[in-house]
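# Survey of secondary and tertiary structure
Each chain, written out:
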Number of protein chains: 2
Amino acid sequence: MIVGNEPILLTPGPLTTSLATKQAMLRDWGSWDTAFNDITRSICRDLVAVVNAGEDYVCVPLQGSGTFSVEASIGNLVPRAGKVLVPNNGAYCARIVKICKYLNRAVVELPVAEDQPATGVMVAAALDADSSITHVAQVHCETGAGIANDLAGIAQACRQRGKGLIVDAMSSFAALPIDVRTIAFDALIAASGKCLEGVPGMGFVIAKKSVIENCAGNSHSLAMDLNDQYVYLQQTTQWRYTPPTHVVAALRAAIDQFLQEGGQPARGARYAANCATLIAGMAALGFRPFLAPAVQAPIIVTFHAPADPAYDFKSFYARVRAHGYIIYPGKLTQVETFRVGCIGAIDANEMRNVVTAVAETLRDLGIKQVAPILARRAA
Amino acid sequence: MIVGNEPILLTPGPLTTSLATKQAMLRDWGSWDTAFNDITRSICRDLVAVVNAGEDYVCVPLQGSGTFSVEASIGNLVPRAGKVLVPNNGAYCARIVKICKYLNRAVVELPVAEDQPATGVMVAAALDADSSITHVAQVHCETGAGIANDLAGIAQACRQRGKGLIVDAMSSFAALPIDVRTIAFDALIAASGKCLEGVPGMGFVIAKKSVIENCAGNSHSLAMDLNDQYVYLQQTTQWRYTPPTHVVAALRAAIDQFLQEGGQPARGARYAANCATLIAGMAALGFRPFLAPAVQAPIIVTFHAPADPAYDFKSFYARVRAHGYIIYPGKLTQVETFRVGCIGAIDANEMRNVVTAVAETLRDLGIKQVAPILARRAA
């Protein structure tokens, strides 16, 4: 049985969605029916518009989590003899490297420190050092630390050298500005359950029409064959295999609310306010963010764990949860941290409330030394 | 905007679900949170029990439609040097052949007529003719025509010869009896949105623990690496990548109702009554089922299209839909047909109602010659 209160999710997806979005799932849809296929079509149209793309770009939805769409993009867009450069400053970059290895695509890793953004200069140098690289696969916002990479600079480096660019925009799409007229990409991937504030269960790829049309035969997988999914959608208006109909309906409702809010500029502004409120409140308790303000994306904030020996993440998590907020563990390799998301159908009030919940938790657990050991050493 | 009445889905999934199942989606779940991971664990436990499996079988859930889980099973369980026999009497069998080709697994197709079941005798002969075959991939209920294949006989043929058996039980699981103590399989695949009456968005594989544990390194895909998903679930209680949390919660609610109804025997009996009511009602209008009664599974019924020149599927579909019922197109290669599903949160009343809707539609469209041309020739 499903019981219990409903805590607010401060995680990088799944996140807290609006009641209207969830209520859109109170209906069953036939996947062959025009009424449903009209929803798919309108979603694809609206998603392409988010990045100001015209007729030369298309949106291909895909069942599964966002990672399925990332893998599908690598498998379809990078020819079997291609070579992928992956600037790596976190867990989601590392996942793309892993995908390339599974798919037998040659891969060159460009290591970047977890607290530093990948930049156009770095990527240009790596491309110049190895002319056999055909594609760059770039995570826009790496939520491992919460950093915003320099997508504009990287796109320019790719364009100048005629390299393909595949952008994992999972946690930035609809929140950070991405305009295809200035950031030229071959494909950009995101998912229903992130900053669009839908529920998880599908991803999508916004791709250059010519690229999608010309990649037949590349795919390592039938289920993830983006070219085949695209061609079938064009021919029939239907997904190839059973779509997650309720997730699709919820995404339609979520996009309606996104547009009503004012689109990306408004959503980005709300998240930025959330992020600023969170960091200010946590700072007042003694917490220090892992990232410098200039590279902090307003998606999720990594905080150094308290130095106090009374701190351990499990107890901290459980107490904060008991106060109604679900936070997220750290994902860094060197430093002990935890993360708090700023995204979802929430505003600055929830940020103030989670700070209160954290303050109560510090008192409950007897944590006095909130500043991290590293910070004290640096001081 | 989402508007309109809600028609009853008489399709092989997505299908009409109960309000209780849909209402379980009115809550957001953290994918890292124990409350959610308890749901995953309890679902896996209950699904293994449906086939009376003990400790030597495990359930591995996977994001995406059922086809993703079928592909994952082939990719993980069949070694790269393996060879798969696929008895083929319909579209879903053909899809497995296609998967094998994408995955570079050697495949032997055993053609079977669309109106005849694949049997143990056929499979035994094919296995004896080619000893290099390592696995049989068998669709239990082929919904292309709606036929029940002879799974017990095929399982016996495999066991006697030491061949692996992978069962696509997408549309039979929870409706037709499958007992692993008599039908030995390596893996059996089904999905949330079929006879369990959940919503679509995830599949699952019930597999021999020893087989899943020993297939590391086989997978062609990171996202579909069942071994990795299993190991990670064991270590962390979490899915590897973002699970479709609302779909999972709905499946929990759907399984609760399945168990309350009386499990597979009760569900199978309800569907059998639906099927009998449908066929009797349609027969009274002059419609003839494509399959002989002995091989008709109580999942979906294929009817010959009316011979009358006033019939075309699109108009027929639209009129029946206007009366509140969504039916399904035929999927046979030789004969013109349409299909009506018997599954979902519906009972014999809905079957009587769809017969009424069809009767009204015949009158509206001026269709007088309901019996198919083929039937008249045979008469």
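Keep in mind that this is a model prediction, so the values were computed, not measured. (Residues numbered from 1 in each chain as written. Chains lettered and ligands numbered in written order. Predicted model: local features only at pLDDT ≥ 70, side-chain atom pairs only at ≥ 80, totals over all residues. Heavy atoms only, no water.)

## Considering the overall build of chain A
- Helix and strand content of chain A: 13 helices and 14 strands.
- At 21 Å, chain A has a C-alpha radius of gyration in line with the 21 Å of a compact globule built from 379 residues.
- The long-range share in chain A, meaning contacts at least 24 apart out of those at least 6 apart in sequence, stands at 72%.
- Total accessible area on chain A stands at roughly 13100 Å², and carbon and sulfur atoms take up 53% of it.
- Across chain A, 32 positive and 31 negative side-chain charges occur, with their mean positions spaced 3 Å apart. (Helix = DSSP H or I, 4+ residues; strand = E, 2+ residues; numbered from the N terminus. Rg over C-alpha atoms; globule rule 2.2 N^0.38 Å. Contact = heavy atoms within 4.5 Å. Areas by Shrake-Rupley, 256 points an atom, 1.4 Å probe, with all protein chains shown as cover. Lys, Arg positive; Asp, Glu negative; His and termini not counted. Charge placed at Lys NZ, Arg CZ, Asp CG, Glu CD.)

## Notes on the relation of the copies chain A and chain B
- Superposing chain A onto chain B takes a rotation of 180 degrees combined with a translation of 0.0 Å along the rotation axis, leaving an RMSD of 0.0 Å. Read as a symmetry element, the transformation amounts to a two-fold axis. In terms of C-alpha distance to the rotation axis, chain A has Gly64(A) as its closest residue, with the C-alpha 2.0 Å off the axis.
- Comparing contact sets, 100% of the residues at the interface of chain A also lie at the interface in chain B, consistent with an isologous, same-surface contact. (Least-squares fit on C-alpha atoms with pLDDT ≥ 70 in both.)

## Re the sheet that holds strand E11 (residues 300-304) of chain A
Residues and elements named next belong to chain A.
- What the three strands build is an open sheet, ordered E11-E14-E13; its pairing is antiparallel. The open sheet is flanked by E11 and strand E13 (328-329), the only strands paired with a single partner.
- Alignment of E13 against strand E14 (residues 337-341), held across two bridges, turns out to be antiparallel. Within E14, the residue paired with tyrosine 328 across the bridge is arginine 339.
- Helix H10 (residues 263-285) rests against E11 and E14 of the sheet, and its axis sits at about 15 degrees to E11. (Pairing = 2+ DSSP bridges. Axes fitted to C-alpha atoms, helices over the stretch in contact; angles between N-to-C directions.)

## Overview of the interface of chain A and chain B
- Taken together, the contact pairs 68 residues of chain A with 68 residues of chain B.
- Counting each side, the surface lost to burial between chain A and chain B is near 5500 Å², with a carbon and sulfur contribution of 64%.
- In terms of surface lost to chain B, no three residues of chain A exceed Asp28(A), Trp32(A) and Tyr102(A), which account for 14% of the buried area on that side.
- Summed over the shared surface of chain A and chain B, the number is four salt bridges.
- Residues Arg321(A) and Asp33(B) are paired through a salt bridge, measuring 2.6 Å at the closest nitrogen-oxygen approach.
- Taken together, chain A and chain B are joined by 18 residue pairs in polar contact (both at pLDDT 80 or more).
- Among the secondary structure elements, those contributing two or more residues to the side of chain A that touches chain B are helix H1 (19-23), helix H2 (34-50), strand E2 (57-63), helix H3 (66-77), helix H4 (91-102), helix H9 (245-261), helix H11 (313-322) and E13 of chain A.
- Here the side of chain A that touches chain B takes six residues from H9(A), the largest share from any one element.
- When its residues are assigned to classes, the side of chain A that touches chain B shows 34 nonpolar, 19 polar and 15 charged. (Buried area = accessible area lost by both parts, 1.4 Å probe. Salt bridge = Lys/Arg side-chain N within 4 Å of Asp/Glu carboxyl O. Polar contact = N/O pair within 3.5 Å; in protein donor to acceptor, adjacent residues only side chain to side chain. Nonpolar A, V, L, I, M, F, W, Y, C, P; charged D, E, K, R; others polar.)

## Overview of the environment of Leu251(A)
Residue and element names in this part refer to chain A.
- On the secondary structure map, leucine 251 appears in helix H9.
- The spatial distance from the C-alpha of leucine 251 to the C-alpha of alanine 191 is 9.7 Å, given a sequence separation of 60 residues.
- Excluding residues within four positions of it along the chain, leucine 251 makes contact with Ile43, Ser192, Leu196 and Met202.

## Examining the sheet that holds strand E14 (residues 337-341) of chain B
All names here are of chain B.
- Spatial ordering of the open sheet is given by E11-E14-E13, a layout of three strands whose pairing is antiparallel. Of all strands in the sheet, those bounded by a partner on one side alone are strand E11 (300-304) and strand E13 (328-329).
- Direction of pairing for E11 relative to E14: antiparallel, over a ladder of five bridges. Looking across to E14, one finds that isoleucine 300 is bridged to glycine 341.

## Observations concerning the nonpolar core
- Within the largest apolar cluster, 120 residues are counted, with the highest numbers of intra-cluster contacts made by Phe173(A), Phe185(A), Ile206(A), Phe173(B), Phe185(B) and Ile206(B).
- Look past the residues within four positions of Phe173(B) in its chain and what remains in contact with it is Leu47(B), Val50(B), Val51(B), Leu188(B), Ala190(B), Cys195(B), Leu196(B), Phe204(B) and Ile206(B). (Core = buried A, V, L, I, M, F, W, Y, C linked by side-chain atoms within 4.5 Å. Buried < 20%, exposed > 50% of the residue type's maximum accessible area, 1.4 Å probe, protein only.)

## As for the pattern of salt bridges
All names here are of chain A.
- Taken as a whole, this structure holds 34 salt bridges over all chains when the rule is applied.
- Arginine 45 is paired through a salt bridge with aspartate 46; the nearest N and O atoms lie 3.0 Å apart.
- For arginine 45, a relative accessible area of 52% corresponds to the exposed category.
- Given the relative accessible area of 12%, aspartate 46 is considered buried.
- Beyond isolated ion pairs, a larger network of salt bridges with shared partners links Arg45, Asp46, Arg252 and Asp256.

## Quick word on the domain arrangement of chain A
All names here are of chain A.
- The domain architecture assigned to chain A consists of domain 1 (19-260) and domain 2 (263-378).
- Using only C-alpha atoms to locate each centre, domain 1 and domain 2 end up separated by 29 Å.
- Taken together, the 24 residues of domain 1 in the interface contact 23 residues of domain 2.
- Summing both sides of the interface, domain 1 and domain 2 together bury roughly 2000 Å²; the carbon and sulfur share of this comes to 58%.
- A per-residue breakdown of the area domain 1 buries against domain 2 is headed by Glu114, Ala145 and Glu197, which together make up 27% of the total.
- On inspection of domain 1 and its partner domain 2, the count reaches two salt bridges.
- Glutamate 197 is paired through a salt bridge with arginine 270; the nearest N and O atoms lie 3.0 Å apart.
- The tally of links between domain 1 and domain 2 comes to twelve residue pairs in polar contact (both at pLDDT 80 or more). (Domains from an automatic or database assignment.)

## Considering the side chain of Glu114(B)
- Structurally, the position occupied by Glu114(B) is in the loop between strand E4 (106-111) and helix H5 (120-129).
- Non-local contacts of Glu114(B), meaning those with residues more than four positions away in its chain, are made with Asn89(B), Ala145(B), Ile147(B), Phe290(B), Leu291(B), Lys331(B), Leu332(B), Thr333(B) and Gln334(B).

## Quick word on the packing of H9(A) against H10(A)
Residue and element names in this part refer to chain A.
- One can describe the packing of H9 onto H10 by two numbers: an axis separation of 7 Å at closest approach and a directional angle of 85 degrees. Of the possible angle classes, the one that applies to H9 and H10 is roughly perpendicular. Where H9 approaches H10, its residues Gln257, Phe258, Leu259 and Glu261 are matched on the opposing element by Gly263, Gln264, Ala266, Arg267 and Arg270.
- Across the contact of H9 with H10, the residue classes break down as three nonpolar, three polar and three charged. (Parallel < 35°, antiparallel > 145°, perpendicular 65-115°, else oblique.)

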